[in-house]
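Chain by chain, the residues run as shown.
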Amino acid sequence: MRARRYDPSQTSFATCPVCGTNVSVEPGEPTPQHQETGTSRMCDGAGMPAM
């Protein structure tokens, strides 16, 4: 069985509603834990629906 190759064109992106960082989830799905862009601080938007 062949492994699936990573294809960036098939990756969905949405935006964190708190900090505006692009996250790799479908819009409406819970935002994963991530750092705010340009900082080492964790964003408070984890778990909120991505836009």
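Above this text is the structure in question.
Peer 1: Got a minute to help me understand the overall build of the chain in this structure?
Peer 2: If you tally the helices and strands in the chain, you get zero helices and two strands. Radius of gyration (C-alpha) of the chain: 13 Å, far over the 10 Å computed for a compact globule of 51 residues. By principal-axis analysis of the C-alpha atoms, the chain measures approximately 40 × 25 × 15 Å. Taken across its 51 residues, the chain has 22% of its residues classed as buried.

Peer 1: What am I meant to see in the pattern of salt bridges here?
Peer 2: Oppositely charged side chains are able to pair whenever their charged atoms sit close together. This model, assessed by the stated rule, comprises two salt bridges. The salt bridge involving Glu36 is made with Arg41; its shortest N-O contact spans 2.6 Å. Residue class for Glu36 comes out buried when judged on its relative accessible area of 17%. Residue Arg41 is classed as partly exposed on the basis of its relative accessible area, which comes to 46%. Measuring nitrogen to oxygen at the nearest pair gives 3.6 Å for the salt bridge that ties Asp44 to Arg41. You can call Asp44 exposed: its relative accessible area is 59%.

Peer 1: Please explain the state of the cysteines as it appears in this structure.
Peer 2: Here is the idea: a disulfide is a covalent bond, and it sits between the sulfur atoms of two cysteines. The tally for this structure, following the rule as stated, stands at zero disulfides. Sulfur of Cys16: no disulfide; nearest cysteine sulfur belongs to Cys43 and is 3.7 Å away. Not engaged in a disulfide, the cysteine Cys19 finds its nearest cysteine sulfur in Cys43; these two sulfurs lie 3.7 Å apart.

Cut-offs used in this document
Residues numbered from 1 in each chain as written. Predicted model: local features only at pLDDT ≥ 70, side-chain atom pairs only at ≥ 80, totals over all residues. Heavy atoms only, no water. Helix = DSSP H or I, 4+ residues; strand = E, 2+ residues; numbered from the N terminus. Rg over C-alpha atoms; globule rule 2.2 N^0.38 Å. Buried < 20%, exposed > 50% of the residue type's maximum accessible area, 1.4 Å probe, protein only. Salt bridge = Lys/Arg side-chain N within 4 Å of Asp/Glu carboxyl O. Disulfide = S-S within 2.5 Å.

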